[in-house]
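Spelled out from the first residue to the last, the chains are:
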Amino acid sequence: MTKFVNYISEAFQELKSNVTWPEWAEVQRLTIIVAVFSIIFALLTYGVDQLFVKALEGFFNILK
């Protein structure tokens, strides 16, 4: 258990002293970019899904 506590302690120390954290404005800007691209990707995925639905409906209507 001592090794685990020591590992966690060293990890936090490294995060405090050795990691270069981005500025708050950059974090906000990048978060907005990720959110926008996530929405765009979700809409594109929905569009492709609807295209396949229509294609399969048409195909099965032809088979009837």
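- Where an unreviewed UniProt entry is consulted, the protein chain appears under the name Protein translocase subunit SecE, with the organism given as Flavobacterium tibetense.
- For the record of the protein chain, the UniProt heading Sequence similarities (unreviewed entry) holds the text "Belongs to the SecE/SEC61-gamma family."
- Under the Subunit (unreviewed entry) heading, UniProt states for the protein chain: "Component of the Sec protein translocase complex. Heterotrimer consisting of SecY, SecE and SecG subunits. The heterotrimers can form oligomers, although 1 heterotrimer is thought to be able to translocate proteins. Interacts with the ribosome. Interacts with SecDF, and other proteins may be involved. Interacts with SecA."

1. Brief notes about the overall build of the protein chain
- Along the backbone of the protein chain there are two helices and zero strands.
- Computed over its C-alpha atoms, the radius of gyration of the protein chain comes to 24 Å, more than 25% above the 11 Å expected for a compact globule of 64 residues.
- Overall, the protein chain is about 70 × 35 × 10 Å in size when its C-alpha atoms are taken along their principal axes.
- By the burial criterion, 0% of the 64 residues in the protein chain qualify as buried.
- When the accessible surface of the protein chain is totalled, it reaches about 6,400 Å², and 71% of it is carbon and sulfur.
- Taken as two groups, the 5 positive and 6 negative side-chain charges of the protein chain have centres that lie 8 Å from each other.

2. So, the UniProt feature "transmembrane region" (unreviewed entry) in the protein chain
- Under the UniProt annotation, "transmembrane region" (unreviewed entry) lies at residues 30–48.
- Across residues 30–48 one finds 100% helix and 0% strand; the C-alpha atoms that close the span lie 27 Å apart.

3. Comments concerning the environment of V34
- Looking at where V34 falls in the secondary structure, it is placed in helix α2 (residues 24–63).
- For V34, a relative accessible area of 53% puts it in the exposed group.
- Sequence spacing of V34 and V5 is 29 residues, and the spatial spacing of their C-alpha atoms is 35 Å.

Rules behind the numbers
- Residues numbered from 1 in each chain as written.
- Predicted model: local features only at pLDDT ≥ 70, side-chain atom pairs only at ≥ 80, totals over all residues.
- Heavy atoms only, no water.
- UniProt positions renumbered as here; feature names shortened; annotations may be inferred.
- Helix = DSSP H or I, 4+ residues; strand = E, 2+ residues; numbered from the N terminus.
- Rg over C-alpha atoms; globule rule 2.2 N^0.38 Å.
- Buried < 20%, exposed > 50% of the residue type's maximum accessible area, 1.4 Å probe, protein only.
- Areas by Shrake-Rupley, 256 points an atom, 1.4 Å probe, with all protein chains shown as cover.
- Lys, Arg positive; Asp, Glu negative; His and termini not counted.
- Charge placed at Lys NZ, Arg CZ, Asp CG, Glu CD.

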